[in-house]
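One-letter residues, chain by chain:
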Amino acid sequence: MALVSMRQLLDHAAEHGYGIPAFNVNNLEQVQAVMAAADEVGAPVILQASAGARKYAGESFIKHLIQAAVEAYPHIPLVMHQDHGTSPKVCSGAIDLGFGSVMMDGSLMEDGKTPSSFDYNVDVTRKVVEMAHKVGVTVEGELGCLGNLETGDAGEEDGIGAAGKLDHSQMLTDPEEAATFVKATQLDALAIAIGTSHGAYKFSRKPTGDILAISRVKEIHKRIPNTHLVMHGSSSVPAELLAIINQYGGQMKETYGVPVEEIQEAIKHGVRKINIDTDIRLAMTGAVRKFLFENPDKFDAREWLKPAREAAKQVCKARYLEFGCEGQAAKIKPLTLVQVAEAYARGELAQVVQ
Ligand SMILES: O=C(CO)COP(=O)(O)O
Ligand SMILES: O=C[C@H](O)COP(=O)(O)O
Ligand SMILES: [Zn+2]
Ligand SMILES: [Zn+2]
């Protein structure tokens, strides 16, 4: 099975009422972990690479790691998605590299820090949609800035996100604006701001509705019922992973992520893609710390990468099961990107705005 269209996977998830975790990958072990987990439960796969990942591994390595995954698991429908593109140029570069899906994050200016205007966002996103849909590539956009509703701090932790303080209205996607945005851009998937942020330090307490606005998801979904909603910053930051890190010499402060049950609720209301990076980082770091602490004489990198890969796999497998992906891979009959491009051209994949 070749790389498939993200639109096709998300349409399938919508039709069958489940959500797909999109895991950030940077290296061999992370790709292997996601694929092994998906294989065990029969899940479709979204692998995503940030600009940071492309820089870390190098574009050729990212491209060929993902192609290796396709070759090793020919029965799993797989999407290669570019996370947080900061300009149409970055998106066209990713399309040239073979990505089947791109995110044009026009909620921020090209510096990835300064909140942009609505009109700027519409303009860059529409440009990317025009270029991507011609070749069957899916487009995710973003409206609203990720950030912490408790403090008003913008989400700058991962190098992507606004810097400084934001007001409440910038940090919650407005349903009315979402409808206008979708109508004007005709994108496939929309990342929304509802109080999540990137990285490990999302909430200082278990989040309730005042700091994680799942109710917004429902309001937005009502207006744009067939646009797939995307939740960024959706690691759950499990306490047991923090405990392992701290038990073996780490110094992570108390923190809370997005509870899995809140994501499950959001999936009932149109969230189809759930971005997860931090949980994999935590799992791998804990496993490496533990292994090296318990085996101070070992120095073969494979020996400590193995438990790290296994720990990442367990996180991925749990999310596939929790989000309802089990057994879905086999039900998907993949279309080529050319077929998807034809469907866009015929207007069959146009967005409905209520
Ligand atoms: O949104 C993300 C990548 O785009 C990752 O979010 P986390 O930091 O919560 O894993
Ligand atoms: O968008 C945020 C992801 O967690 C990627 O992080 P990164 O930019 O450090 O690769
Ligand atoms: Zn953004
Ligand atoms: Zn993100």
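None of these values were measured; they are calculated from a predicted model. (Residues numbered from 1 in each chain as written. Chains lettered and ligands numbered in written order. Predicted model: local features only at pLDDT ≥ 70, side-chain atom pairs only at ≥ 80, totals over all residues. Heavy atoms only, no water.)

Asks: Would you explain the environment of Val 340 in this entry?
Replies: Of note, Val 340 is situated in helix 13 (residues 337–345). According to the relative accessible area criterion, Val 340 is buried, its value standing at 4%. (Helix = DSSP H or I, 4+ residues; strand = E, 2+ residues; numbered from the N terminus. Buried < 20%, exposed > 50% of the residue type's maximum accessible area, 1.4 Å probe, protein only.)

Asks: Teacher, can you tell me more about the coordination of the zinc ion (ligand 4) here?
Replies: When a metal holds four donors in a tetrahedron, each ideal angle between them is 109.5 degrees; when it holds six in an octahedron, the ideal angles are 90 or 180 degrees. Distances from the zinc ion (ligand 4) to its protein donors, namely His 84 (NE2), His 198 (NE2) and His 232 (ND1), fall within the range 2.0 to 2.1 Å. Mapped onto the polypeptide sequence, the residues donating to the zinc ion (ligand 4) form the spacing pattern H-x113-H-x33-H. Of this pair, His 198 sits in the loop between strand 6 (189–192) and helix 8 (214–223) while His 232 sits in the loop between strand 7 (228–231) and helix 9 (239–247); the two residues are 34 residues apart in sequence, bridging distant segments of the chain. A relative accessible area of 13% places His 198 in the buried class. (Donors = N, O, S within 2.8 Å, 3.2 Å for Na, K, Ca; no water.)

Asks: Mind showing me how you'd approach the side chain of Ser 5 here?
Replies: Here Ser 5 lies in the segment before helix 1 (6–16). A polar contact is formed between the side chain of Ser 5 and the backbone nitrogen of Arg 7, at a distance of 3.1 Å. Setting aside its immediate chain neighbours within four residues, Ser 5 contacts Val 79, Gly 136, Thr 138, Leu 337 and Val 340. (Polar contact = N/O pair within 3.5 Å; in protein donor to acceptor, adjacent residues only side chain to side chain. Contact = heavy atoms within 4.5 Å.)

Asks: How should the packing of helix 8 against helix 10 (residues 260–267) be read in this particular structure?
Replies: Pairs of packed helices are described in terms of their axes, by the angle between the two and the distance that separates them. Close contact between helix 8 and helix 10 brings their axes to 9 Å; oriented N to C, the two are set at 10°. With respect to each other, helix 8 and helix 10 are oriented roughly parallel. Note on element contacts: helix 10 touches helix 8 through Glu 262, Glu 265 and Ala 266, opposite Ile 214, Val 217 and Lys 218. (Axes fitted to C-alpha atoms, helices over the stretch in contact; angles between N-to-C directions. Parallel < 35°, antiparallel > 145°, perpendicular 65-115°, else oblique.)

Asks: Where do I start with the site of ligand 1 in this structure?
Replies: Around ligand 1, a shell composed of 15 residues is seen, among which Asp 83, Lys 202, Ser 235, Asp 277 and Thr 278 lie nearest. One of the side-chain N or O atoms of His 232 is found 3.1 Å from an oxygen atom in ligand 1. Within the backbone of Asp 277, one N or O atom sits 2.6 Å away from an oxygen atom of ligand 1. Coverage of ligand 1 by the protein amounts to 98% of the 310 Å² it exposes when considered alone. (Near = heavy atom within 4 Å. Areas by Shrake-Rupley, 256 points an atom, 1.4 Å probe, with all protein chains shown as cover.)

Asks: Can you help me understand unusual backbone geometry in this one?
Replies: What you tend to see is this: most non-glycine residues have negative phi, and most peptide bonds are trans. The residue Gln 186 is not glycine, and still its phi comes out positive at about 60°. You can see Gln 186 is positioned in the loop between helix 7 (175–185) and strand 6.

Asks: Whenever I open this one, the coordination of the zinc ion (ligand 3) confuses me. Can you help?
Replies: For the zinc ion (ligand 3), the full set of protein donor atoms is Asp 105 (OD) and Glu 142 (OE), at a range of 2.1 to 2.2 Å. Taken as a pair, Asp 105 in the loop between strand 4 (101–104) and helix 6 (118–133) and Glu 142 in strand 5 (residues 138–143) lie far apart in primary sequence, 37 residues in all. Owing to a relative accessible area of 3%, Asp 105 belongs among the buried residues under this scheme.

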